[in-house]
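# Architecture and fold: a report
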Amino acid sequence: SFLKNFNFKIKIFLSFLFYLNKKNIKYFDDYIFPFVMERNIEFSHKLYKEVYSANLLKSLISEIYKYSNRKKVKVCFVIFPQLYDIKKNSRINYQSFFNKYKKKYNILDLTNYFFENKNYTNLFINDKYGGHLNYAGNKFVANKIEKYINLLINNYERNL
């Protein structure tokens, strides 16, 4: 089993040995945790290309959308990428998935908006998880969501 994903496991193993030698849990946590997070993000990105997982997510989105229509409520799905999502090229998997259904189900994927800001890393708090926005990041996405909702409202009013 060690030979499967050898590069990943050797990094963890060597880091663990370093930790045992130095007794420095901070090093182990700071070095290994981001590495594991990146690996998990890459794995999750692969699921968007896996037929079963993609169909399951599409069905879930579809059912929520149908339910909201029956209740006469408008729904909008907002995709908030983590910092690791943005940094990995494999993000194209989820972007392609959501792009396919964005008009039908009112999906707003914020990923490309982050690339408009050259310093997009400054929109996230500085933590090992890479998933939380700071004040500027929240303000940034709130502006994008407001514009999107206004667009939906304008389109809805035009179709009445």
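Computed from a predicted model, the values in this text were never measured in an experiment. (Residues numbered from 1 in each chain as written. Predicted model: local features only at pLDDT ≥ 70, side-chain atom pairs only at ≥ 80, totals over all residues. Heavy atoms only, no water.)

## Some words on unusual backbone geometry
The phi torsion at Lys 72 lies on the positive side, around 60°, for a residue other than glycine. On the basis of relative accessibility, which here comes to 76%, the residue Lys 72 falls in the exposed class. Phi is positive for Asn 106, close to 55°, though the residue is something other than glycine. For Asn 106, the location among the structural elements is in the loop between helix H5 (92-105) and strand S2 (107-109). (Buried < 20%, exposed > 50% of the residue type's maximum accessible area, 1.4 Å probe, protein only. Helix = DSSP H or I, 4+ residues; strand = E, 2+ residues; numbered from the N terminus.)

## Some thoughts on the pattern of salt bridges
Taken as a whole, this structure holds 4 salt bridges when the rule is applied. Across the salt bridge formed by Glu 38 and Lys 88, the nearest N and O atoms sit 3.3 Å from each other. Here Glu 38 is found in helix H2 (residues 25-47), whereas its partner Lys 88 is found in the loop between helix H4 (83-87) and H5, with 50 residues between them in sequence. Glu 38 gets classed as partly exposed once you look at its relative accessible area, which sits at 29%. What makes Lys 88 buried here is its relative accessible area of 17%. (Salt bridge = Lys/Arg side-chain N within 4 Å of Asp/Glu carboxyl O.)

## Focus on helix H3 (residues 51-70)
Relative to the 28 Å expected for 20 residues at 1.5 Å per residue, H3 spans 28 Å between its end C-alpha atoms, a close match to the ideal helical length. Among the residues making up H3, those that are buried are Ala 54, Ile 61, Ser 62, Tyr 65 and Ser 68. An end-on view of H3 places all buried positions within 125° of arc, on one side of the element. Across H3 from its buried face, at more than 90 degrees, point the exposed residues Tyr 52, Leu 56 and Arg 70. Looking one or two places after H3, you find Lys 72, whose phi comes out positive at around 60°. (Expected span 1.5 Å × (residues − 1). Arc of directions from axis to C-beta.)

## Here's the deal with the packing of H3 against H5
Contact pair H3 / H5: the axes reach a minimum separation of 12 Å and the direction vectors enclose 15°. Taken together, the axes of H3 and H5 lie roughly parallel to each other. Between H3 and H5 lies a crossing whose hand is right-handed. Seen from H3, the contacting residues are Ala 54, Leu 57, Lys 58, Ile 61, Ser 62 and Tyr 65; seen from H5, they are Phe 97, Phe 98, Tyr 101, Lys 104 and Tyr 105. Taken together, the residues of the contact of H3 with H5 sort by class into 8 nonpolar, 1 polar and 2 charged. (Axes fitted to C-alpha atoms, helices over the stretch in contact; angles between N-to-C directions. Parallel < 35°, antiparallel > 145°, perpendicular 65-115°, else oblique. Left-handed = near helix turned anticlockwise from the far one by under 90°. Contact = heavy atoms within 4.5 Å. Nonpolar A, V, L, I, M, F, W, Y, C, P; charged D, E, K, R; others polar.)

## Details of helix H7 (residues 135-158)
Given a rise of 1.5 Å per residue, 24 residues ought to cover 34 Å, and the 35 Å separating the end C-alpha atoms of H7 matches this to within 8%. Of the residues making up H7, those classed as buried are Gly 137, Phe 140, Val 141, Lys 144 and Tyr 148. Packing partners of the buried residues in H7 comprise H5, S2 and helix H6 (111-116). Looking at where H7 begins, the residue whose side-chain oxygen comes 3.1 Å from the main-chain nitrogen of Ala 136 is Asn 134. (Polar contact = N/O pair within 3.5 Å; in protein donor to acceptor, adjacent residues only side chain to side chain.)

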